[in-house]
Amino acid sequence: MTAGRLGGSRGVWVLSLLLIGLAVAVFATVAPGLAPVDVDHRVPWFALAAGLAACEAWALHLYFRGSAHAFSLTALVLTVGLVLATPVDLLLAQAGPIAVLAWRRGPLQLAFGTGRSALVAAVALVVFHAVLPGTEATGPGVWFAALMATLAAGATGVLVLAGAITVAEGRPLWREIGTMLRTDAMVTVSLTCVGLAATTLVVLDAASAWLLVFPALLLAAAYRLYLDERQRRERLEFLYDTSHALLVSADVEEALLALVGKGRRAFNSELAEAILLPAGGALPRRTRVSPIGTDSLASVGPLGGEALWAMARELGTRLIERPAADPAVERYLRDSLVRGPAMVTVLEKEGHALGLLLFANRPEVDGEFTDADLDVLDKLARHATASLAHETLEQDFDRLEQLQSQLEHMAFHDPLTRLANRARFTAQVSHALTRRDALVAALFIDLDDFKTVNDSLGHEAGDELLMGVAERLRACLRSHDTPARLGGDEFAVLIEDGESMEVVMDIAERILAALRDPFQVADAELNVRASIGVASSSDGVRRADDLVRNADLAMYRAKSQGKGCVMLFRPEMHSDAVQRHELKSELQRAVDEDQFVVLYQPVVDLRGGQIAGVEALVRWQHPRLGLVGPDKFVPLAEEANLIGAIGRHVVAKSSQRLALWRRASVAGDAFKLNINLSPREFQSPGLLQWLCEAAARANVPTSAITLEITESALMDDLEGGIQRMKHIKQAGFRLALDDFGTGYSSLSYLRQFPIDVLKIAKPFVDHIAEREGDAAFLRSILELAKTLSLDVIVEGVETTEQARMLLEMGARQVQGFVFSRPVEDRALSAMLTLTPLQGFAQAQPIEQFSGVAEISAAPVPAPAR
């Protein structure tokens, strides 16, 4: 008799290999020296192998009470082999049960069964010959030795299985070991006595041995009937216990948890599900127990619901083999981490499906589900259907009260994620703020770039992702914290009784870390990031709306800092938001009243000392705030869809100014006007048309205008962006890649872009005088541009030393404060009318550029940097 429940496999593999190695060592070192019992008639090894194979094939397996029991007549055959066979033949006879295992079981079961059988036989041989007083074939000495050998072998089998359970599941089975040892001893003694009677009769009168065939068969039949009866009793007890648990459960949720919990233990499966299929096309609700955790009445997504209804259409109880014939069912089983076949039964009433029960993932050493399991599951389904129907009738008496409760729940919870909704969350925050003795904090969580999931995979995948985010959010929080979904991809968390802001920030970081693990959605692996804003009552707020607003402002600041991070609210964020709102509301008037001015920053030729061109820079001449820089209003203009009007104003004004300089002969044909294009402008369908119209109205060639585009403006639609660039180039305009090195900076992209000019960003220039590494890196960029035949403009040159080093590196055109800040058109006109500056290559002190310094320092409005 053997028993066990093995959940893991890696440890069992190791144990199996150890058992096989130990058995081989015993047979190799001890068995050859053992003298066989002196008998006239020996049983050949193949006859013993056939007997052991029959015992293994006809063993009765019981799967109840969380363990698997296998009963067989192995002790009888082993007794005969000890007395009537040689040690070597008994070893060879182990091929019988091993062959049965190879035919009916998987690799792990074969390995474990081989090691167990071999070790049991080895222990039996060693004990038998150690206790045997001589080589006599019969008598009390042989009987006692055989009894000790079979008892030791049976105990070894029990302990080996108990060890496998401990290795696989990490829990010793002290009570089960005692029960198994007692049962094994009782069965072994009886079978050994029958075997000894058989050997004695063979020794004394071999021809009379046939007289034992009928009693042996009768004993085997009685033994089988006893075990069948015991199995039926186990099933009845299980069905009774489950039905009782269903009847005494307070509600359907508790009943389903009891059903799947008891069924999971009874069928020795790792995964158990009870699914309710509501009428009216609503999504199924699933109660699930697995090693990962427990879900109670969780909503199943549309794709999963389609698969569950497909299972329900085929009424009855059955085994679903893998892969399933229905693609939807196969996808559901795969997503549910079902390994191998699954038992499914339909809970039906009057031919209509009410729900499903599903059990899967039986540990490999326990084997697959049997017909007996399906029979028990079928009976369980009938009991469950009757019990749940009774429960439904009982609930009819308080239907109105439950309906009211459901309506209240729906009013304050998000139907998709089952988290609190905005109304519920705000009420909870308000209640928490009335308690002035504890820190209250709110976390505002927004998924970064969630729209791309809906656009690329569909809204069903987006909903599945939101449900996954909600589950991870719950797992990161304490029991008294409140998670909520405010709408769309926005979540929030209320932290009450916070010990300190360190605890609050630790929770926020824990949420970020949990969301970084990939999500499996719609057969795709998604990497999701989130931006989190944190605000607390320590800022003095006493209203829920103010606390949530502060957390929202901090979240937007986190997004502006590069996304995927946590930002704590600071009071200046509110003042910035107020100013941002005011500026946004005033932008339309600024466009209507032409409040924008264009400033120009010279691009200086280091070798010749001349001004080789200018960059046109827009500023907002605000009537109250003065000059406002583009970093303050360009994002607002893009949100308000006004950036196109502002861009056309800049192009028209600067093109007309370039025409004046060309007519005045202060700007030659080589003089270039650089104009920045925002990402929204660059993606505008009518961009090229109004650029050409502006150049034509100003009567300047398009080749005199260089359009500066940032790397980020191209990456959202790389192929489309390259096509737009080619069209612009065909119209005669020059193209410059602005802020090179601060964005994607991929060399493969750089090679694809049809650009003329590379503008090196200021951060690469700031420390070239102090850091040799920065200087070497800048030198390599200049060499790269030279290789690609690109002109280079180095931005942000602020010191004389930087200018000298750039000249030595071979840089030609630069711009920066060491030469001039952005100035008005009149000041720039004055610079252009000066005698051309002396060549910088021959200049010793920077004062040779004093003309520029004096003019740029003239009393003009100080522009924003």
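Residues numbered from 1 in each chain as written. Predicted model: local features only at pLDDT ≥ 70, side-chain atom pairs only at ≥ 80, totals over all residues. Heavy atoms only, no water.

Caption draft 1: Inspection of the packing of helix α11 (residues 302–313) against helix α12 (residues 327–335) at higher detail. The geometry of α11 relative to α12 is characterised by a closest axis approach of 8 Å and an angle of 115° between their N-to-C directions. Of the two elements, α11 crosses α12, and the hand of that crossing is left-handed. Across the interface between the two elements, Leu303, Gly304, Glu306, Ala307, Leu308, Ala310 and Met311 from α11 touch Ala328, Val329, Arg331, Tyr332 and Leu333 from α12. Looking at the contact of α11 with α12 residue by residue, the class counts come to nine nonpolar, one polar and two charged. (Axes fitted to C-alpha atoms, helices over the stretch in contact; angles between N-to-C directions. Helix = DSSP H or I, 4+ residues; strand = E, 2+ residues; numbered from the N terminus. Left-handed = near helix turned anticlockwise from the far one by under 90°. Contact = heavy atoms within 4.5 Å. Nonpolar A, V, L, I, M, F, W, Y, C, P; charged D, E, K, R; others polar.)

Caption draft 2: Looking closely at the pairing of strand β8 (residues 342–349). In terms of residue burial, β8 counts as a mostly covered element, since six of its eight residues are buried. In terms of strand pairing, strand β7 (residues 317–320) meets β8 through four bridges, oriented antiparallel. Each residue of the ladder has a partner; that of Leu319, found in β8, is Met343. Examined bridge by bridge, β8 and strand β9 (residues 352–360) share eight bridges and lie antiparallel to one another. Each residue of the ladder has a partner; that of Val346, found in β9, is Leu356. From the end of β8 to the start of β9, which pair antiparallel, there are two residues, and Glu350 there has a positive phi angle of about 55°. (Buried < 20%, exposed > 50% of the residue type's maximum accessible area, 1.4 Å probe, protein only. Pairing = 2+ DSSP bridges.)

Caption draft 3: Up close: the sheet that holds β8. One open sheet accounts for six strands, arranged β6-β5-β4-β9-β8-β7; its pairing is antiparallel. Two strands lie at the open edges of the sheet, namely β6 (293–299) and β7, each paired on one side alone. Ignoring strand direction, the axes of neighbouring strands in this sheet form an average angle of 15°. Against the sheet, α11 contacts β4 (271–276), β7, β8 and β9, and its axis sits at roughly 105° relative to β9.

Caption draft 4: View of the nonpolar core. Judged by nonpolar contacts, the single largest core of 82 residues is most densely connected at Phe633, Leu707, Ile755, Leu758, Val794, Val797 and Leu806. Not counting the four nearest positions on each side in its chain, Val794 is found in contact with Ile760, Val765, Leu806, Ala811, Gln813, Val814 and Gln815. Of all hydrophobic cores here, the second largest spans 36 residues; its members include Ala85, Leu90, Ala121 and Ala149. (Core = buried A, V, L, I, M, F, W, Y, C linked by side-chain atoms within 4.5 Å.)

Caption draft 5: Fine view of the packing of helix α15 (residues 422–433) against helix α19 (residues 544–560). Orientation of α15 relative to α19, taken along the N-to-C sense of each, is 110°, at an axis distance of 8 Å. For the element pair α15 / α19, the angle class is roughly perpendicular. Crossing of α15 against α19: the hand is right-handed. Residue-level inspection shows Phe425, Thr426, Val429, Ser430 and Leu433 of α15 in contact with α19, the latter providing Ala544, Asp545, Leu547 and Val548. Considered class by class, the residues forming the contact of α15 with α19 number six nonpolar, two polar and one charged. (Parallel < 35°, antiparallel > 145°, perpendicular 65-115°, else oblique.)

Caption draft 6: Spatial organisation of the pattern of salt bridges. Evaluation of the coordinates by the stated rule reveals 30 salt bridges. With a shortest N-O distance of 3.7 Å, Arg286 and Glu273 are connected by a salt bridge. Highlighted residues: Arg286 in strand β5 (residues 285–290) and Glu273 in strand β4, separated in sequence by 13 residues. For Arg286, a relative accessible area of 17% translates into the label buried. In this structure Glu273 comes out as buried when scored by relative accessible area, which is 0%. Here Arg485 and Asp414 are joined by a salt bridge, their closest N and O atoms 3.1 Å apart. Of the two residues, Arg485 is situated in strand β11 (residues 482–487) and Asp414 in the loop between α14 (399–412) and α15; the sequence distance between them amounts to 71 residues. Each member of the pair, Arg485 together with Asp414, is buried. (Salt bridge = Lys/Arg side-chain N within 4 Å of Asp/Glu carboxyl O.)

Caption draft 7: Structural view of helix α29 (residues 800–809). Along α29, the residues that are buried comprise Gln802, Ala803, Met805, Leu806 and Met809. Burial along α29 is one-sided: seen end-on, the buried residues are contained in an arc of 165°. Buried residues along α29 sit in contact with α28 (772–787), β24 (791–794) and β25 (813–814). Looking at the residues trailing α29, positive phi occurs at Gly810, about 100°. (Arc of directions from axis to C-beta.)

Caption draft 8: Seen up close, the environment of Thr188. Structurally, Thr188 is set in helix α8 (residues 174–204). Expressed as a C-alpha distance, the spacing of Thr188 and Leu76, which sit 112 residues apart in the sequence, is 8.0 Å. Not counting chain neighbours up to four residues away, the residues in contact with Thr188 comprise Ala75, Thr150 and Leu151.

Caption draft 9: Layout of a nonpolar patch on the surface. On the surface, Trp45, Phe46, Val88 and Leu92 cluster together into a nonpolar patch covering about 390 Å² of accessible area. At the level of elements, α2 (45–57) and α4 (87–92) are the ones that each hand at least two residues to the nonpolar patch. Of note, Trp45 is situated in helix α2. (Patch = residues over 30% accessible without salt bridge, like charges linked within 9 Å, V, L, I, M, F, W, Y side chains within 5 Å. Areas by Shrake-Rupley, 256 points an atom, 1.4 Å probe, with all protein chains shown as cover.)

Caption draft 10: Spotlight on the side chain of Ser678. Examined against the element boundaries, Ser678 turns out to sit in the loop between β20 (672–676) and α23 (679–682). The class for Ser678 is buried, based on a relative accessible area of 10%. Dropping the residues within four chain positions of it, Ser678 is found in contact with Glu638 and Ile643.

Caption draft 11: A look at the side chain of Ser296. Tracing the chain through its elements places Ser296 in strand β6. Relative accessible area serves as the criterion here: at 18%, Ser296 is assigned to the buried category. Each residue touching Ser296, except ones within four places of it in the same chain, is listed here: Glu253, Leu257, Arg286, Thr287 and Arg418.

Caption draft 12: Quick peek at the confidence of the model for the protein. The pLDDT averaged across the protein works out to 78; a share of 79% of its residues lies at or above 70. Predicted confidence is poor over residues 1–7, with pLDDT under 50, and the contacts of this stretch with residues over four places away or in other chains come to 39 contacts. Contacts for the low-pLDDT stretch residues 62–69, under 50 throughout, to residues beyond four places or in other chains number 37 contacts. (pLDDT = per-residue confidence, 0-100.)

Caption draft 13: Unusual backbone geometry, seen in detail. A cis amide bond, omega -5°, links Arg322 with the succeeding residue Pro323. Relative to the elements of secondary structure, Pro323 occurs in the loop between β7 and α12. At Leu337, a residue that is not glycine, the phi angle is positive and equals roughly 60°. In this structure, Leu337 sits in the loop between α12 and β8. Under the relative-accessibility criterion, Leu337 is labelled exposed at 52%. With a phi angle near 65°, Arg418 is a residue other than glycine that sits in the positive phi range. You can see Arg418 is positioned in the loop between α14 and α15. Classification of Arg418 by relative accessible area gives partly exposed; the value is 38%.

Caption draft 14: Region of the structure containing the environment of Pro701. Here Pro701 shows up in the loop between α24 (687–698) and β21 (705–710). Judged by its relative accessible area of 33%, Pro701 falls in the partly exposed class. The sequence separation of Pro701 and Gly732 amounts to 31 residues, and the corresponding C-alpha distance is 8.0 Å.

Caption draft 15: Region of interest: the packing of aromatic side chains. If you walk through the whole model with that rule in mind, you get four aromatic pairs. A centroid spacing of 5.3 Å and a plane angle of 70° characterise the contact between Tyr600 and Trp661, whose relative ring orientation is edge-to-face. With a gap of 61 residues between them, Tyr600 in strand β17 (residues 596–605) and Trp661 in helix α22 (residues 643–663) connect regions that are remote in the sequence. Residue Tyr600 shares its accessibility class with Trp661, and that shared class is buried. Centroid distance Phe764 to Phe777: 5.5 Å. Interplanar angle 20°. Geometry classified as stacked. Residue Phe764 is located in the loop between β23 (757–760) and α28, and its partner Phe777 is located in helix α28; the two are separated by 13 residues in the primary sequence. Exposure remark for Phe764: the relative accessible area of 17% places this residue in the buried category. Aromatic ring contacts, followed pair by pair, group Tyr600, Trp661 and Phe671 into a single cluster. For Arg472, the ring lying beneath its charged end belongs to Phe519, and the centroid distance is 3.6 Å. For Arg821, the ring lying beneath its charged end belongs to Phe817, and the centroid distance is 4.2 Å. (Phe/Tyr/Trp six-rings, centres within 6.5 Å; stacked < 30°, edge-to-face > 60°. Lys NZ or Arg CZ within 6 Å of the ring centre and 35° of its normal.)

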